[in-house]
Each structure stands twice: as structure tokens, then as C-alpha cells.
Amino acid sequence: MRAIWKGAVSFGLVNVPVRLYSATESHDVSFRQVHAKDGGRIRYQRICAVDGEEVAYADIAKGYETEDGEMVILTDEDMAELPLTSSREIAVEKFVPSEQIDPMLFEKSYYLEPEKTGAKPYALLRQALLDADRVAVVTVALRQRTTIAVLRVRPTENGDVIVLQTMMWPDEVRTPDFSVDGGEVKEAEVTMARMLVETLAGDFDPEEFSDDYAEAVQALVDAKVSGGEVQRTETSTKSSAEVIDLLAALQKSVAAAKTARGESVPDAAQPDEDQDEAESSAPAKKTTAKKTAAKKTAAKKTAKKAASAATKSTAKKTTKKAARKAS
């Protein structure tokens, strides 16, 4: 992992130099908007809604829209006058019971790693949090903006680690504008609900759950890649040699399939004798319109075998060529 911030935790007269690491990462499947016809990426221009002209980044400013639709433009000079902080301190304000903090306030989590000189005070703070069974409420400046956060101890495979969890400000948590009136609940219904809860009671194990959607999307993409359903774009990283080898394998597969069905094969579709001298194509035969369905089925099976053999032969030959070049 790469540290995204360096500073120190201060509580009382004790300073603990630490590094900050992101504790979470998103595994959501991401898509790009592309042209369905050729796979080209869709690009957007920065167009001004007033004059319809494209705007360069250097001419873009921050704007605050009021409730009545008016726009307040804030320049770089205006932003520079704001009371931003560049403090590298995680200041402990107080230690509180964890149950007093609403989980809805938690935002993003970070691991704290001590610098070499801070290993002992780090261990001291960690043990103090465990013994007190409390979390430390702190203030910290991340990305030039002060926020509140908590420090707590989290067990991991590498031992107990102090985690910093940033929190939203209280006014950022919305209050629901609806109420629920379920009417009168009968005692028998409550009893059955309790029985259901007891039936489903257990310990939480996150490994029991999986992201079925992400797995299904990845399987779909892998199947399309394996089947050759891809569009080469200007950002493709495959070498031309890989494309040529695949093309040669496909040409041999087509030629072998036609030969198995008794159709004549044009010279351009025949396997390259220079590339594979060990292969010899079967003589072409003229097809007749009176072949039975059984013969067609047998021809299809033969075509599949021939296509597979041609692909394997090309792969072996490519490996041999690579070995000769390496030697």
C-alpha cells in the first residue's frame, strides 16, 4: 500500500508520528461509454451553456448556484482567502464509548502505521483504547479541510491496528420526512416474529456473502474475450504478432471445416505450408445436394476436431519459434 498522508497523533504531551493508508477499495465493475459500432470511446467537450463555445480548463472557475438560480463566481483569489488548514496533526479531543456514535456518521476508513520512532507510543495508545473500551474522537485536516473522526482498534491478520474513520458533520445526516404507523400488533404475531429472528440468529461472517453481480459481469466479459468478441481500439495492448497468430489459426480452422464438409477451399484459405510443413490439407471434394442429415452431423463433428487441432498446432509452432529466438 502507498501512504496518502503523513502526520502525528497527539494526545496530551504524547506525539505518535504515523502514516495514513486507505483501508478500503471499491471493486465495483466499471464501464466506459463507447460507440456500439466500433468500440470507440465517447469523449465530451466543455461547452458553455450561454454562448455555446468550448471552454478551456484555464478559463473554468468555481461557481455556487443560489436557490433562485443565480450564480456566484468564486475566483482562485477568493478561495485563497478561506481559512484552510495544512496542519499535520491528528488531535485527540476526548475518549467516548463507541455506542454513543451513530454508525451513519462514519464515512471513510484509513489504517494508521507508526513511523519507526513512534512504534512504542503507538502501542501505548492502542493498548489504552483496548483497556478503556472507548474510541478517540479527533480532528484532522485531510485535503486542506478539517473533519472530525474517530480512532479505534481493529484486529487484522497482522495484529491489532489503529483505524481512523472520518465522520460526516451532524447536519449532513438527513431526517426522514415520513413516519410509519403499522397499526396494532398482535401478541401472536410478535411471538412468531421473535421465533423467526431466533431461527436466523448467528454470527456475522463477511466471507459468507459475495457480489453476485460483479462475478456475473466478469464471467460475461471473460466469455466474450475467449470467444473473440472484442473490438481493437487505439488503446489495445496486444501485439501485432498475437493478432497474426490468431488470424492464422482461424484461417486454418475455416479451411479444415470446409474440407471436412467436402467443399472446395480457395488458395487464400489454405493453411500456410511455410508456417506448418507438418500439416497437409485433405483433398477437396465436391459436395452433393443429396447428403443426409446424419452425414452433415458427422461433418460438423469432424470440423470441430479439425479446428481444435489446427489451433493447437499453431500454438505449438509459436512456442517453438519463441524458444528458438530466445536461444
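Residues numbered from 1 in each chain as written. Predicted model: local features only at pLDDT ≥ 70, side-chain atom pairs only at ≥ 80, totals over all residues. Heavy atoms only, no water.

Draft legend 1. Structural context of the packing of aromatic side chains. Inspection of the entire model under this criterion finds one aromatic pair. Between the NZ or CZ atom of Lys108 and the centre of the ring of Tyr110, over which it lies, the distance is 5.7 Å. (Phe/Tyr/Trp six-rings, centres within 6.5 Å; stacked < 30°, edge-to-face > 60°. Lys NZ or Arg CZ within 6 Å of the ring centre and 35° of its normal.)

Draft legend 2. Fine view of the environment of Lys224. One can find Lys224 in helix α4 (residues 212-226). Among all residues touching Lys224, those that are not within four sequence positions of it are Glu229 and Val230. (Helix = DSSP H or I, 4+ residues; strand = E, 2+ residues; numbered from the N terminus. Contact = heavy atoms within 4.5 Å.)

Draft legend 3. Highlighting helix α3 (residues 187-199). When the terminal C-alpha atoms of α3 are compared, their 18 Å separation across 13 residues agrees well with the 18 Å that a helix rising 1.5 Å per residue should span. Taken across its 13 residues, α3 has zero buried, putting it largely on the surface. (Expected span 1.5 Å × (residues − 1). Buried < 20%, exposed > 50% of the residue type's maximum accessible area, 1.4 Å probe, protein only.)

Draft legend 4. Geometry of the pairing of strand β7 (residues 135-142). The buried fraction of β7 is high, at six of eight residues. Pairing analysis gives five bridges linking strand β5 (residues 89-96) to β7, with the strands arranged antiparallel. Its bridge partner being in β7, Phe95 is matched across the sheet by Ala136. Inspection of the sheet shows β7 paired to strand β8 (residues 145-156) by seven bridges, in the antiparallel sense. Paired with Val137 across the strands is Val150, a residue of β8. Connecting β7 to the antiparallel partner β8 that follows it, the hairpin turn spans two residues, and Arg143 within it adopts a positive phi of roughly 55 degrees. (Pairing = 2+ DSSP bridges.)

Draft legend 5. Quick look at a negative patch on the surface. A cluster of acidic residues, Asp28, Asp211, Asp212 and Glu215, forms a negative patch at the surface. Following the sequence through the fold, Asp28 ends up in the loop between β2 (14-22) and β3 (62-65). Given a relative accessible area of 61%, Asp28 falls into the exposed group. (Patch = residues over 30% accessible without salt bridge, like charges linked within 9 Å, V, L, I, M, F, W, Y side chains within 5 Å. Areas by Shrake-Rupley, 256 points an atom, 1.4 Å probe, with all protein chains shown as cover. Salt bridge = Lys/Arg side-chain N within 4 Å of Asp/Glu carboxyl O. Lys, Arg positive; Asp, Glu negative; His and termini not counted. Charge placed at Lys NZ, Arg CZ, Asp CG, Glu CD.)

Draft legend 6. Local environment of the sheet that holds strand β6 (residues 106-114). With respect to topology, seven strands assemble into a closed barrel ordered β1-β2-β6-β9-β8-β7-β5, the strand pairing being mixed. Sheet twist, expressed as the mean angle between neighbouring strand axes with direction ignored, is 40 degrees. Across eight bridges, β8 lies against strand β9 (residues 159-167) in antiparallel orientation. Within β9, the residue paired with Arg152 across the bridge is Val163. (Axes fitted to C-alpha atoms, helices over the stretch in contact; angles between N-to-C directions.)

Draft legend 7. Highlighting the pattern of salt bridges. Inspection of the entire model under this criterion finds two salt bridges. One salt bridge connects Glu115 with Arg19, and the closest N-O pair in it is separated by 3.1 Å. Linking Glu115 in the loop between β6 and α2 (119-132) with Arg19 in strand β2, this pair joins segments that are 96 residues apart in sequence. Given a relative accessible area of 23%, Glu115 falls into the partly exposed group.

Draft legend 8. Representation of the side chain of Ser10 in the model. Take Ser10: it is sitting in strand β1 (residues 5-11). The class for Ser10 is buried, based on a relative accessible area of 9%. Contacts of Ser10, omitting those with residues within four sequence positions, involve Asn15, Glu89, Ile90, Ala91 and Val92.

Draft legend 9. Main features of α4. For α4, with 15 residues, the first-to-last C-alpha span of 21 Å sits near the 21 Å given by 1.5 Å per residue. Two residues or fewer past α4, Gly228 is found with a positive phi of approximately 80 degrees.

Draft legend 10. Expanded view of the side chain of Gln165. Residue placement: Gln165 occurs in strand β9. Owing to a relative accessible area of 10%, Gln165 belongs among the buried residues under this scheme. Among the polar contacts listed, one links the side chain of Gln165 to the side chain of Ser109, at a separation of 3.3 Å. For Gln165, the contacting residues outside a window of four places in its chain are Phe106, Lys108, Ser109, Ala149, Val150 and Arg152. (Polar contact = N/O pair within 3.5 Å; in protein donor to acceptor, adjacent residues only side chain to side chain.)

Draft legend 11. Representation of the confidence of the model for the protein within the structure. For the protein, mean pLDDT is 80; residues scoring 70 or higher make up 75% of the total. Here residues 309-327 is a poorly scored stretch, pLDDT under 50, and it has 14 contacts once near neighbours within four places are set aside; other chains count. (pLDDT = per-residue confidence, 0-100.)

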